[in-house]
Amino acid sequence: MPRSDPSPRERLAAIQGIRVLSRDDLRAAGLTTQRVTASVREGRLMRLRRGAYVSKEVPNEVVEAVRSGGRVTCLTLLRLIGVFVLERAEVHIHMPPHLSRSRHRRPDSAVLHWGECQREGQSHVVSLWDAVRQSVRCQTPRAAIATLDSVLHHRLLTSAEVESIFRTLPLRFQVLSPLIDSSAESGPETFMRLLLRSLGLSYETQVRLPGVGRVDFVVEGWLVIECDSREFHEGWEKQVDDRRRDLAAAELGYVTIRPLASDIFGRPNEVKEAVKAVVEAFGTRVGEQRAPQLRRSARETAVARRTGQRKGRFSGVMAAG
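The shown structure was predicted, so the numbers you read here are calculated from the model rather than taken from an experiment.

### Things to note about the environment of Ala 261
On the secondary structure map, Ala 261 appears in helix α12 (residues 261-266). On the basis of relative accessibility, which here comes to 9%, the residue Ala 261 falls in the buried class. Taking the C-alpha atoms as reference points, Ala 261 and Glu 226, separated by 35 residues in sequence, lie 9.8 Å from one another. Here Ala 261 is in contact with Pro 188, Asp 228 and Ser 229, once residues within four sequence places are set aside.

### Some points on the confidence of the model for the chain
As a note on interpretation, predicted positions should not be read in detail where pLDDT is low. Here the chain shows a mean pLDDT of 84. Residues at 70 or above account for 82%. Confidence over residues 294-321 falls short of pLDDT 50; this stretch has 30 contacts with residues more than four positions distant or in other chains.

### Structural notes on the environment of Pro 141
Mapping Pro 141 onto the fold places it in helix α7 (residues 141-153). Classification of Pro 141 as exposed rests on a relative accessible area of 51%. Sequence separation of Pro 141 and Phe 173 is 32 residues, and the distance between their C-alpha atoms is 8.3 Å.

### Thoughts on the sheet that holds strand β7 (residues 213-219)
If you walk across this open sheet you meet the four strands as β6-β7-β8-β9, and the pairing is mixed. Of all strands in the sheet, those with a lone pairing partner are β6 (203-209) and β9 (255-257), marking the two edges. Taking each pair of neighbouring strands and ignoring which way they run, the sheet shows an average axis angle of 40°. Relative to β9, strand β8 (residues 223-225) runs parallel, the two sharing three bridges. What sits directly across from Ile 225, in β9, is Ile 257.

### Side note on the packing of aromatic side chains
Counted under the stated rule, the structure contains four aromatic pairs. When the centroid spacing of 6.2 Å and the interplanar angle of 75° are considered together, the rings of Tyr 203 and Phe 217 count as edge-to-face. Here Phe 217 lies in strand β7 and Tyr 203 lies in strand β6, a separation of 14 residues in the sequence. Accessibility expressed as a relative area gives 28% for Tyr 203, which makes it partly exposed. Cluster of aromatic residues (ring-pair linked, three or more members): Phe 84, Phe 191 and Phe 265.

### Things to note about the nonpolar core
Grouped together as the largest cluster of nonpolar side chains are 49 residues, with contacts concentrated most on Leu 77, Ile 81, Leu 128 and Val 132. If you tally residues by element for this core, the top one is helix α5 (residues 74-81), at six residues. If near-sequence neighbours (up to four positions away) are discounted, Leu 128 is found in contact with Leu 12, Leu 77, Leu 78, Ile 81, Leu 156 and Leu 157. Grouped together as the second largest cluster of nonpolar side chains are 19 residues, Phe 191, Phe 217, Cys 227 and Ile 264 included.

### Focus on unusual backbone geometry
Note: most residues except glycine have negative phi, and most peptide bonds are trans. A positive phi angle, near 50°, is found at Cys 74, a position not held by glycine. Residue classification places Cys 74 among the buried positions, given a relative accessible area of 0%. Its identity is not glycine, yet Arg 155 carries a phi of approximately 60°, on the positive side. Since its relative accessible area comes to 66%, Arg 155 is described here as exposed.

### Digging into helix α3 (residues 33-42)
Along α3, the residues that are buried comprise Val 36, Ala 38 and Ser 39. Seen from one end, α3 has its buried residues packed into an arc of 165°, which puts them on one side. Facing away from the buried side of α3 by over 90 degrees, the exposed positions are Gln 34 and Arg 41. Elements in contact with the buried residues of α3: α2 (23-28) and β2 (52-54). Of the residues trailing α3, Gly 43 is marked for its positive phi of about 85°.

### Considerations on the pairing of β6
Where β6 meets β7, six bridges bridge the pair, whose relative direction is antiparallel. Following the sheet pairing, Thr 205 is matched in β7 by Phe 217. The hairpin formed by β6 and β7 contains three residues between the paired strands, and Gly 211 there has a positive phi angle of roughly 80°.

### Digging into the pairing of strand β4 (residues 92-95)
With burial as the criterion, each face of β4 is covered, one bearing His 92 and His 94 and the other bearing Ile 93 and Met 95. Looking at chain direction, strand β3 (residues 71-72) and β4 are connected through two bridges and run antiparallel. From the neighbouring strand, Arg 71 faces β4, where its bridge partner is His 94. Taken together, the four bridges between β4 and strand β5 (residues 111-114) define a ladder with parallel strand orientation. Within β5, the residue paired with Ile 93 across the bridge is Leu 112.

Procedures and definitions
- Residues numbered from 1 in each chain as written.
- Predicted model: local features only at pLDDT ≥ 70, side-chain atom pairs only at ≥ 80, totals over all residues.
- Heavy atoms only, no water.
- Helix = DSSP H or I, 4+ residues; strand = E, 2+ residues; numbered from the N terminus.
- Buried < 20%, exposed > 50% of the residue type's maximum accessible area, 1.4 Å probe, protein only.
- Contact = heavy atoms within 4.5 Å.
- pLDDT = per-residue confidence, 0-100.
- Pairing = 2+ DSSP bridges.
- Axes fitted to C-alpha atoms, helices over the stretch in contact; angles between N-to-C directions.
- Phe/Tyr/Trp six-rings, centres within 6.5 Å; stacked < 30°, edge-to-face > 60°.
- Core = buried A, V, L, I, M, F, W, Y, C linked by side-chain atoms within 4.5 Å.
- Arc of directions from axis to C-beta.

Here it is, written out as structure tokens:
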């Protein structure tokens with residue numbers, strides 16, 4: 001049986017479990033100065049900076065942070081453990097406030113966070129609570145909400161802990177708190193939810209349809225929106241499964257659209273206008289005529305299929321067309 005990928009919680013534990021060894025730690029373990037030098041040369045130890053060593057391979061981001069005299073934080077820590085973040089280029093490093101700003105060499109592209117952390121972390125990584133708190137200040141509002149959705153969805157923090165983060169943030173961030181929804185399973189779903197909200201459309205998330213399975217959104221009772229990304233929709237077999245699900249949804253009277261994650265992030269206005277156009281074009285013909293039928297129970301649909309009494313589910317749409 002293939003081994004599943006580690007969960008965000010497991011990844012976090014692995015990163016927190018990295019031990020950065022000092023010279024004193026090595027001496028306590030019985031290593032002389034000469035033996036430490038030999039171990040570095042032989043590859044059994046990695047020297048990160050003066051007086052800081054690791055005995056196993058660690059992520060490059062940890063190496064860069066420790067060599068800079070700081071700790072991994074913010075978007076970098078969240079990305080490493082599998083939490084959604086929109087921007088992934090720069091390494092985010094927390095620098096202790098007492099450290100000289102020119103003491104250590106730092107990556108040119110690094111984002112440096114100065115100041116005190118509010119929770120205890122490790123010598124190479126800040127606490128998850130502090131990383132999430134910093135990520136809210138470091139992103140656009142929509143991206144920050146998507147990150148918070150992801151943190152709650154993976155149960156890395158509780159709702160109470162997220163609320164405690166907001167109590168420490170400036171007033172301008174408080175408007176984000178009511179928009180968080182832990183049901184979002186991906187960043188594109190968060191962005192789409194906010195887009196639908198801006199259009200004033202009614203929607204449900206993570207809806208299970210009989211014969212279809214769970215869909216990302218049901219909008220206005222008749223429009224299914226699935227947010228397609230390479231991570232979950234790559235490969236021909238997955239494409240075939242998606243097409244069959246769309247046909248099963250059509251048999252129930254639903255219209256399905258599949259905006260790409262890259263467009264949801266990079267061309268949100270175009271996606272917004274496209275959704276609006278679909279609702280305006282089909283809303284009267286599908287929504288008003290099909291709404292009572294779309295609310296029928298899964299049991300009624302199953303009975304109809306078993307008896308072979310297929311109903312003309314598209315008759316109203318075709319007649320209106």
